[in-house]
Amino acid sequence: MISSNHVINPGIYKSIPFDSLKDITPIAVLATVPLVLVVNPGLPVKSTKELLAHAKAKPGTLNYGSAGNGSTLHLAAELLVSETGIDMKHVPYRGTGPLITDLIGGQVNLAFVSVSQVAPQVKAGTLRALAVSTRQRSAALPEVPTLAEVVPGLTMTSWHGLWAPAATPAAIQQRFNAVMIEASKDPELAKRIRELNSEPLGLTQAEMAAALRRDAEIYSRIVKAKNIRVD
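Here is a short report on the structure shown in this document. Owing to the predicted nature of the structure, the values given are computational and were not obtained by experimental measurement.

1. Observations regarding helix 6 (residues 170-184)
Between the first and last C-alpha of helix 6 there are 21 Å, a value that for 15 residues agrees with the 21 Å anticipated at 1.5 Å per step. Within helix 6, the full set of buried residues consists of Q173, N177, I181 and S184. Burial along helix 6 is one-sided: seen end-on, the buried residues are contained in an arc of 65 degrees. Residues of helix 6 that are exposed and angled more than 90 degrees away from the buried face: A171, R175 and E182. As for helix 6, its buried residues are in contact with strand 2 (24-39), helix 7 (187-195), strand 8 (199-200) and helix 8 (205-226).

2. Focus on the pairing of strand 5 (residues 110-114)
Taken across its five residues, strand 5 has five buried, putting it largely inside the fold. Side chains of strand 5 alternate between two faces, with L110, F112 and S114 and A111 and V113 buried alike. Two strands pair when backbone bridges link them, and strand 2 and strand 5 are joined in this way by five bridges, in the antiparallel orientation. Directly across from L37, in strand 5, lies its bridge partner F112.

3. Points about the side chain of T155
Note on placement: T155 falls in the loop between strand 6 (128-132) and strand 7 (157-165). Residue T155 is classed as buried on the basis of its relative accessible area, which comes to 8%. Looking at T155, its side chain comes within polar contact range of the side chain of R214, at 2.7 Å. The contacts of T155, once residues within four sequence positions are left out, are L79, S133, T134, R135, A148 and R214.

4. Some words on the environment of D87
Among the secondary structure elements, D87 is positioned in the loop between helix 3 (72-84) and strand 4 (88-92). The partly exposed category is assigned to D87, whose relative accessible area is 40%. Put simply, D87 and L62 are 25 residues apart on the chain and 7.8 Å apart in space, counted from C-alpha to C-alpha. In contact with D87, other than residues within four places in its own chain, are P59 and G60.

5. Notes on the side chain of S66
When you line up the elements, S66 lands in strand 3 (residues 62-66). Only 2.7 Å separates the side chain of S66 from the side chain of H90, close enough to count as a polar contact. Those residues within four positions of S66 in sequence are excluded, and the remaining contacts are S71, L73, H74, H90, V91, P92, Y93 and L99.

What counts and what doesn't
- Residues numbered from 1 in each chain as written.
- Predicted model: local features only at pLDDT ≥ 70, side-chain atom pairs only at ≥ 80, totals over all residues.
- Heavy atoms only, no water.
- Helix = DSSP H or I, 4+ residues; strand = E, 2+ residues; numbered from the N terminus.
- Expected span 1.5 Å × (residues − 1).
- Buried < 20%, exposed > 50% of the residue type's maximum accessible area, 1.4 Å probe, protein only.
- Arc of directions from axis to C-beta.
- Contact = heavy atoms within 4.5 Å.
- Pairing = 2+ DSSP bridges.
- Polar contact = N/O pair within 3.5 Å; in protein donor to acceptor, adjacent residues only side chain to side chain.

Structure follows, in structure tokens:
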């Protein structure tokens, strides 16, 4: 089981002892985790459009938190910055827990966080959700628009997938993939995954490989442009 950080690591570490896309092979995406752009309710914005206008009117005054340098949450915010031309300061945290605590407390203005981690706070009103990062709205927060509704083409998703050594026989890879696609259609499993504020997703190996290449290209571009390193 590997998460989306797998295709980020080659850019942020000086050296890793394997090729992320050649030495192991993707079998199936088990679930995707929508990211949601949340702000402290004290920030006078109620939509992504208002946030962008506020940031452009007061460049450099907003700060955003992340779960750490080079994390998916960090790169999601940097993608928003690069696509919209706004200027914000990055505040890295050691994990999502301290980040959410400081978001609620107002020590940081905004952040991208997985829907599964902040849906209760959004529903309770201690955080305000502006947009989700996926192509479709999240079933957990159906009233929250997508980023692409404001910034066309802007999407980013955290995912969890099943991988195997690249030398695994093709027939075995295909069998595992077929089983996982079939499992993704099971109503009870899909219900359980959605209860965890994630989305079940059945992709062929070719579809998964294409999605991974897209993610790797996006992450690599951001990492190089911002010179993001963790070692």
